[in-house]
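Chain by chain, the residues:
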Amino acid sequence: EFEADDNIGDIDQCDYENYDYVVARVPKGNIELVHYLECKNFRFMEAQFDLFRNNMSKYDIPNNMLKMSKKITYSKVDTLYGMEQVKNSISENLFDTDRISLDPYLGKELSAVRYRNWIADEFNKKDVELYELIYNKIKIGFFLIKQQENESIAVLLGGLYDKYKGSGLGFSIIHKPIEIAYERGIRFLNTRVSSNNQQILRIYLSFGY
């Protein structure tokens with residue numbers, strides 16, 4: 001992970017060629033470093049947007065979306081069995097815009113494995129909470145949040161299960177963590193969105209991020 005003042009030549013001191021998979025994170029605007037990495041056979045896959053929200057009183061979204069949101073509830077997953085159920089609901093089509101699924105050397109199947117393992121790794125941490133979204137008594141998706149030391153919440157991950165993709169319910173992944181923050185008196189939320197996922201980026205912005 002490069003910082004703004006790192007020396008580009010430092011990568012030549014790294015033993016990265018002996019690993020099967022290496023990700024380089026580059027600060028914004030450092031085109032010289034991007035080109036240098038390309039010369040070392042790295043390939044650009046995505047940019048990531050850091051999104052922040054600190055106004056809990058207002059966001060501009062359509063009324064029909066708010067009306068629908070009132071029909072969607074969430075339930076905390078607090079057992080290993082429940083967590084395994086969430087993991088088993090993640091298919092290879094659930095996340096199709098991330099750098100893993102789009103990489104021709106890796107693909108959607110490995111991407112799904114990555115997300116399942118990510119959820120399992122985070123589940124046992126005391127500051128992380130896993131929730132499932134429920135609509136008409138049916139589980140439609142999930143989200144994963146982390147309580148941070150600065151009294152903020154990080155939205156780590158979220159998605160709708162395959163059957164409900166394209167249903168118009170995806171906004172609930174964004175709206176429900178805001179509800180939780182509001183109920184707890186927390187004003188600051190943050191998350192990251194890939195440049196490959198323009199649709200979810202637009203929804204986050206409509207919710208005041």
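Heads up: the structure comes first, above all this text.
Reading guide: rules and limits
Residues numbered from 1 in each chain as written. Predicted model: local features only at pLDDT ≥ 70, side-chain atom pairs only at ≥ 80, totals over all residues. Heavy atoms only, no water. Helix = DSSP H or I, 4+ residues; strand = E, 2+ residues; numbered from the N terminus. Buried < 20%, exposed > 50% of the residue type's maximum accessible area, 1.4 Å probe, protein only. Pairing = 2+ DSSP bridges. Axes fitted to C-alpha atoms, helices over the stretch in contact; angles between N-to-C directions. Salt bridge = Lys/Arg side-chain N within 4 Å of Asp/Glu carboxyl O. Parallel < 35°, antiparallel > 145°, perpendicular 65-115°, else oblique. Left-handed = near helix turned anticlockwise from the far one by under 90°. Contact = heavy atoms within 4.5 Å. Nonpolar A, V, L, I, M, F, W, Y, C, P; charged D, E, K, R; others polar. Right-handed = clockwise from strand over helix to strand, strands pointing away. Lys, Arg positive; Asp, Glu negative; His and termini not counted.

**So, the environment of E149**
- Relative to the helices and strands, E149 resides in the loop between β4 (138-147) and β5 (152-160).
- The class of E149 is exposed, set by a relative accessible area of 85%.
- Through-space distance from the C-alpha of E149 to that of G208 is 22 Å; in sequence the pair is 59 residues apart.

**Quick look at the sheet that holds β5**
- Pairing within the open sheet is mixed, and its six strands lie in the order β1-β6-β5-β4-β3-β2. The open sheet has two free edges, formed respectively by β1 (48-53) and β2 (72-77), since each of these has just one partner strand. Sheet twist, expressed as the average angle between the axes of neighbouring strands with direction ignored, equals 30°.
- The sheet contact formed by β4 and β5 spans seven bridges and is antiparallel. By the bridge assignment, I145 is partnered in β5 with V155.

**Focus on the pattern of salt bridges**
- In the structure shown here, the tally under the stated rule is eleven salt bridges.
- Put simply, K87 and E84 hold a salt bridge, and the shortest N to O gap is 3.7 Å. Placement of the pair is K87 and E84 together in helix α3 (residues 80-88), with a separation of three residues, close to one helical turn.
- Put simply, K76, E129 and R184 are held in one network by salt bridges that share partners.

**Notes on the packing of α3 against helix α5 (residues 108-123)**
- Relative orientation of the contacting elements α3 and α5 amounts to 160°, with a least axis distance of 9 Å. It follows that α3 is roughly antiparallel to α5 by the angle criterion. In this structure, α3 crosses over α5, and the sense of that crossing is right-handed. On the side of α3, the interface is formed by L80, M83, V86 and K87, while α5 contributes R116, I119, A120 and F123.
- Residues that form the contact of α3 with α5 fall into these classes: six nonpolar, no polar and two charged.

**Focus on the pairing of β5**
- Burial runs high along β5: seven of the nine residues are buried.
- Turn length for the β4-β5 hairpin, with the two strands adjacent in sequence and antiparallel, is four residues, and the turn residue E151 shows positive phi of about 55°.
- Remark: the β5/helix α6 (residues 172-184)/strand β6 (residues 188-194) crossover connection has right-handed handedness.

**Looking at the side chain of D103**
- When you line up the elements, D103 lands in the loop between α4 (99-102) and α5.
- Here D103 is buried and forms no salt bridge, its nearest opposite-charge partner R99 lying at an N-O distance of 7.6 Å.
- Leave out the neighbours within four places in its chain, and D103 touches Y21 and M45.

**A word on unusual backbone geometry**
- A positive phi angle is found at N41, which is not glycine, with a value near 75°.
- In this structure N41 comes out as exposed when scored by relative accessible area, which is 62%.
- Despite not being glycine, K137 shows a phi value in the positive range, around 70°.
- Inspection of the secondary structure puts K137 in the loop between β3 (128-135) and β4.
- By relative accessible area, K137 is classed as exposed at 84%.

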